[in-house]
Amino acid sequence: MEINLISDTVTKPTPGMLEAMMHTKVGDDVFKNDPTVNELEAKVAKYFGMEAALFFPSGTMTNQTAIKIHTQPGDQLICDKYAHIYNYEGGGVSFNSGVSCKLVDGNRGMMTAEQVEASINPPDFYHSPLTTLVSIENTTNKGGGACWDFTELQKIGKVCKDHNLKYHLDGARLWNALVKKGEDPKAYGKLFDTISVCLSKGMGCPVGSVLVGSKEHINKALRIRKVFGGGMRQSGFLAAAGIYAMDHHIERLAEDHRKAEEIGEVLFTLDFIKKVEPIETNIIIFEIDETKMSSATFLEQLSQNQVSIIGMGQGKLRIVTHLDYTDDMHAHFLKILNRIG
Ligand SMILES: *Cc1c(COP(=O)(O)O)cnc(C)c1O
């Protein structure tokens, strides 16, 4: 049995999703004539109680577009040192927008409102870059799937209002946070200027991300998406997968969270494992005690059992549970872990 726990992006469309994709109506979305794309965009906008939405090929492109519409070259944005936009988007913040990042030393990818406020450059001090945007991530990727406390997000929102800053949410895995915390997506829609969500992570779609915001922001995003080369034609086939995922794959994320917790419980009992970071959603980050077993040996033993997980450097390893990680695989994997231990 092959078990791939490298990421929640390794999923393949389910039969139901493929069926929905095969039987949808499409048109040319560059002319805004694809009924299924229009339906998905309306559905996501309504879900967050926001005015408009735009379908994108990737989460990187949604974030980069949001940064572009909220900033001018030379500006500075504030984000946590673990932020995906800073670490894993190929330097796009500077390449696409000519913007620098003020990095905050937060906790598992999450910063406080005080830290954000302290990072704002005084707007009349023209020697330093003008701060115009705060970007946060929920759940945090490098922070191990951690979920924010919503009241802290509101406090940061107030700091943004007080200082005339735009507020963007990289919500690639926001679905996981909503399910975990039982939160209302519309509360997020009220708080942020723009939100990006991914359909190709825990949601099981082959491709797709959506940016949500005001009509004005989404109109600007349409132009930027064109400039970035992200206009797609009969993308309704992909949007149909997104609609299907929103109808069928949100609530079940709780199952991924439960499995992650159970894996964590086993890891915790293994004596060659030094530390397991708190597990809130579907990501497990842990460290091996290299004096007892090297990470390479551990990965090798897993691989002999047809299990793949990923190393994150500095002795840290990562496991991510997802839609294609079945109950059978889960039972089998827990057995393998106990055997290695
Ligand atoms: C995956 C991810 C993205 C977007 O990634 P793509 O691979 O471009 O879709 C953005 N932010 C976070 C936090 C992510 O985990």
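An account of the accompanying structure is given in this report. Remember, predicted model here, so these are calculated numbers, not experimental data.

1. With respect to the overall build of the protein
Phase 1: Each helix and strand counted, the protein has 14 helices and 13 strands in total.
Phase 2: Relative to the globule expectation of 20 Å for 341 residues, the C-alpha radius of gyration of the protein, 21 Å, shows essentially globular dimensions.
Phase 3: C-alpha extents for the protein along the principal axes are approximately 60 × 55 × 35 Å.
Phase 4: A total of 341 residues make up the protein; the buried ones form 56% of that total.
Phase 5: Sequence-distant contacts, at least 24 apart, represent 75% of the contacts inside the protein between residues at least 6 apart.
Phase 6: When the 36 positive and 42 negative side-chain charges of the protein are each reduced to one mean point, those points stand 3 Å apart.

2. Focus on the pairing of strand β10 (residues 283–288)
Phase 1: With six of six residues buried, β10 is to be regarded as a mostly interior element.
Phase 2: Here strand β9 (residues 273–276) pairs with β10 via three bridges, running antiparallel. Its bridge partner being in β10, Ile-273 is matched across the sheet by Ile-288.
Phase 3: Linkage of β9 to β10, two consecutive antiparallel strands, is achieved through a turn of six residues.
Phase 4: In this sheet, strand β13 (residues 316–320) lies alongside β10 in antiparallel orientation, the contact comprising five bridges. From the neighbouring strand, Phe-286 faces β13, where its bridge partner is Leu-317.

3. Quick notes on the nonpolar core
Phase 1: Counting residues in hydrophobic clusters, the biggest one holds 55 residues, and the most contacted among them are Val-134, Tyr-188 and Ile-195.
Phase 2: Counting residues per element, this core draws most heavily on helix α11 (residues 236–248), which supplies seven residues.
Phase 3: Excluding residues within four positions of it along the chain, Val-134 makes contact with Ile-78, Met-111, Val-116, Ile-156, Cys-160, Leu-165, Lys-166, Tyr-167 and His-168.
Phase 4: Listed in part, the 28 residues of the second largest apolar core include Ile-288, Leu-302, Val-307 and Tyr-325.

4. Focus on the site of the ligand
Phase 1: As a structural note, the neighbourhood of the ligand is formed by Ser-58, Gly-59, Thr-60, Asn-63, His-84, Glu-89, Glu-137, Asn-141, Asp-170, Ala-172, Arg-173 and Lys-201.
Phase 2: In the environment of the ligand, an oxygen atom lies 2.9 Å from a nitrogen or oxygen atom belonging to the backbone of Gly-59.
Phase 3: If one sorts the elements of the shell around the ligand by residue count, helix α3 (residues 59–70) sits on top with three residues.
Phase 4: The class makeup of the residues in the shell around the ligand is one nonpolar, six polar and five charged.

5. A closer look at empty space enclosed by the protein
Phase 1: Enumeration according to the criterion identifies one cavity of 30 Å³ or more in this entry.
Phase 2: In this model, the largest cavity occupies a volume close to 30 Å³.
Phase 3: Counting only elements with at least two residues in the lining of the largest cavity, the list comes to β3 (76–80) and β5 (131–137).
Phase 4: Take the lining of the largest cavity: its biggest share by element is three residues, from β5.
Phase 5: Of the residues assigned to the lining of the largest cavity, the class counts are five nonpolar, two polar and two charged.

Calculation rules
- Residues numbered from 1 in each chain as written.
- Predicted model: local features only at pLDDT ≥ 70, side-chain atom pairs only at ≥ 80, totals over all residues.
- Heavy atoms only, no water.
- Helix = DSSP H or I, 4+ residues; strand = E, 2+ residues; numbered from the N terminus.
- Rg over C-alpha atoms; globule rule 2.2 N^0.38 Å.
- Buried < 20%, exposed > 50% of the residue type's maximum accessible area, 1.4 Å probe, protein only.
- Contact = heavy atoms within 4.5 Å.
- Lys, Arg positive; Asp, Glu negative; His and termini not counted.
- Charge placed at Lys NZ, Arg CZ, Asp CG, Glu CD.
- Pairing = 2+ DSSP bridges.
- Core = buried A, V, L, I, M, F, W, Y, C linked by side-chain atoms within 4.5 Å.
- Near = heavy atom within 4 Å.
- Polar contact = N/O pair within 3.5 Å; in protein donor to acceptor, adjacent residues only side chain to side chain.
- Nonpolar A, V, L, I, M, F, W, Y, C, P; charged D, E, K, R; others polar.
- 1 Å grid on protein atoms, 1.4 Å probe; cavity = no way out; pocket = protein on both sides within 12 Å on 5 of 7 lines; lining within 4 Å.
- Points joined across faces, edges and corners; volume = space filled by probe spheres on them.

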